[in-house]
Protein chains: 2
Amino acid sequence: MKNFVEPIEKLINEFTRLPGVGRKTASRYAYKIVNMQKADAESFVNAIIDAKNRVRYCSICGNYTDSDICSTCSKGNQKLVCVVAEPKDILALEKVRDFSGVYHVLHGLLSPLEGRGPDEIRIKELLERISKYQVEEVIMATSPTVEGEATAMYIAKLLKPLGVKVTRIAQGVALGSDLEYVDEVTLSRAILDRKEI
Amino acid sequence: MKNFVEPIEKLINEFTRLPGVGRKTASRYAYKIVNMQKADAESFVNAIIDAKNRVRYCSICGNYTDSDICSTCSKGNQKLVCVVAEPKDILALEKVRDFSGVYHVLHGLLSPLEGRGPDEIRIKELLERISKYQVEEVIMATSPTVEGEATAMYIAKLLKPLGVKVTRIAQGVALGSDLEYVDEVTLSRAILDRKEI
């Protein structure tokens, strides 16, 4: 491996912090930065500083926003709350245009192994929201992983006594997928949750 | 497409300047930055500023360096010069460990279409180098594209009268490639440049 000059080496190391970026991609990014006009590099730096300084959490749902309350919370139906682990999960869900409700970001999932219990994620805030806005339905949209399932079950148990309808996003075979290549666990779940047609 | 809050939107736009980065990848990078510890974001920003401020061109070869003369120029054999278009081309060549010579970065290729003539790229500097260091061989390692070829031929014509040996990297079928999938132009060149075995 070539030894880069020290400032470039450092920049490459910084770029490898980004998701999915290895040394080769990072070195292409670093060369691009070094090759940029000074004004372009400055606007890059300012965008990072600005994002770090101005972006904060919505005081209702915990998603990123640059004001006190995010745009989804200020116009969405607060009686229908979709619970997710991280802000980036909202990006995926936002593609589904017909959801009229709002989100609740837990900022993590329950994980005994990593020492994350109910107090480390935003469950208390969810409970407060439910009584404040008389929430009617909570959709648990955490990932179908062990941690995602456990968190969904834990929250469902907490909310049931409050008279809130708690639902879970459906699990089964993905649309367009080939049955031959679907893993066993997913297939067994798809059969278990079969619907009458 | 989801509307991001303005500071995140701006940061995403900045990330799309990087080579090969589309909006989706840029938004993942931006979320990562927003989610970083403040100190980590600061070290990221400082690495960019530092690279822009401290990295400059080697006064001999034109490659990136943080001192006056790059490490390759200070220890390499100045009589064997490998000419490339951009600093990033040196990265690829450096993997070939057995090259003991030095480089010369043109910072561009001749391109009448884009208005780049001989005065816009570092040809004058190459000529000065040749007389100053009594260069014996110049290897033209520009890409085998129309512009790369034209630049190699132009420089070869300039240097021949000076008694310098000018060579061109070999063109032919890539090692490990399947002959069935080699394009016609490459194959015809490979036949033309055949070697006795």
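Source: prediction; values computed, not measured. (Residues numbered from 1 in each chain as written. Chains lettered and ligands numbered in written order. Predicted model: local features only at pLDDT ≥ 70, side-chain atom pairs only at ≥ 80, totals over all residues. Heavy atoms only, no water.)

### Here's the deal with the relation of the copies chain A and chain B
- Superposing chain A onto chain B takes a rotation of 180° plus a shift of 0.0 Å along the axis, which leaves an RMSD of 0.1 Å. As the rotation angle and translation indicate, the two copies are arranged about a two-fold axis. Taking C-alpha positions as the reference, the residue of chain A nearest the rotation axis is Val45(A), at 2.9 Å.
- Here 100% of the contact residues of chain A are again contact residues in chain B; the copies associate through an equivalent surface. (Least-squares fit on C-alpha atoms with pLDDT ≥ 70 in both. Contact = heavy atoms within 4.5 Å.)

### A short note on the pairing of strand β4 (residues 101-105) of chain B
All names here are of chain B.
- Taking burial as the measure, the 5 residues of β4 include 5 buried ones, the bulk of the element.
- Sheet analysis places strand β3 (residues 77-84) next to β4, joined by 5 bridges and oriented parallel. Bridge pairing links valine 84 to valine 105 in β4.
- Following the backbone out of β3, through helix α5 (residues 87-94) and into the adjacent parallel β4, one traces a crossover that is right-handed. (Buried < 20%, exposed > 50% of the residue type's maximum accessible area, 1.4 Å probe, protein only. Helix = DSSP H or I, 4+ residues; strand = E, 2+ residues; numbered from the N terminus. Pairing = 2+ DSSP bridges. Right-handed = clockwise from strand over helix to strand, strands pointing away.)

### Here we look at the sheet that holds β3(B)
All names here are of chain B.
- Overall, parallel pairing links the 4 strands, which are arranged β4-β3-β5-β6 in an open sheet. The open sheet has two edge strands with one neighbour each: β4 and β6 (165-168). Direction aside, neighbouring strands of the sheet carry axes that sit 25° apart on average.
- The sheet contact formed by β3 and strand β5 (residues 137-140) spans 4 bridges and is parallel. (Axes fitted to C-alpha atoms, helices over the stretch in contact; angles between N-to-C directions.)

### Remarks on the packing of helix α1 (residues 6-15) of chain A against helix α2 (residues 23-35) of chain A
Residues and elements named next belong to chain A.
- Across the interface, α1 lies against α2 with an axial gap of 8 Å and an inter-helix angle of 125°. If you check the angle between α1 and α2, you find them oblique. In the crossing of α1 with α2, the sense of the turn from one axis to the other is right-handed. Taking contact as the criterion, the partners of Ile8, Glu9, Leu11, Ile12, Asn13 and Phe15 in α1 are, on α2, Arg23, Ala26, Ser27, Tyr29, Ala30, Tyr31, Ile33 and Val34.
- In terms of residue class, the contact of α1 with α2 is made up of 10 nonpolar, 2 polar and 2 charged. (Parallel < 35°, antiparallel > 145°, perpendicular 65-115°, else oblique. Left-handed = near helix turned anticlockwise from the far one by under 90°. Nonpolar A, V, L, I, M, F, W, Y, C, P; charged D, E, K, R; others polar.)

### Notes on the side chain of Glu149(B)
- When you line up the elements, Glu149(B) lands in helix α7 (residues 146-159).
- Contact partners of Glu149(B), with chain neighbours within four places excluded, come to Ser143(B), Pro144(B), Arg168(B), Gln171(B) and Arg189(B).

### Some thoughts on the pattern of salt bridges
- Scanning all chains against the criterion turns up 22 salt bridges over all chains.
- We note a salt bridge from Asp40(A) to Arg17(B), for which the minimum N-O separation is 3.3 Å. Pair noted here: Asp40(A) is in helix α3 (residues 38-54) and Arg17(B) is in the loop between α1 (6-15) and α2 (23-35), and the two residues belong to different chains.
- Across the pair Lys10(B) and Glu6(B) runs a salt bridge, and its minimum N-O distance is 3.1 Å. With Lys10(B) and Glu6(B) both in helix α1 and 4 residues apart, this pair spans about one turn of that helix.
- One salt-bridge network, held together by shared partners, links Glu6(A), Lys10(A), Asp50(B), Arg54(B) and Asp66(B). (Salt bridge = Lys/Arg side-chain N within 4 Å of Asp/Glu carboxyl O.)

### A look at the interface of chain A and chain B
- Listed per partner, the contact involves 51 residues of chain A and 51 residues of chain B.
- Taken together, the two surfaces of chain A and chain B that pack against each other cover about 4800 Å², and 67% of this comes from carbon and sulfur.
- Summed over the three residues of chain A that lose the most area to chain B, namely Ile48(A), Lys52(A) and Tyr64(A), the buried surface amounts to 13% of that side.
- There are 4 salt bridges connecting chain A and chain B.
- Put simply, chain A and chain B have 17 residue pairs in polar contact (both at pLDDT 80 or more) between them.
- Of all elements in the fold, only α1, α2, α3, β2 (64-65) and α5 (87-94) of chain A reach the threshold of two or more residues within the side of chain A that touches chain B.
- Looking at the side of chain A that touches chain B, the element that brings in the most residues is α3(A), giving 14 residues.
- Residue composition of the side of chain A that touches chain B, by class: 27 nonpolar, 6 polar and 18 charged. (Buried area = accessible area lost by both parts, 1.4 Å probe. Polar contact = N/O pair within 3.5 Å; in protein donor to acceptor, adjacent residues only side chain to side chain.)

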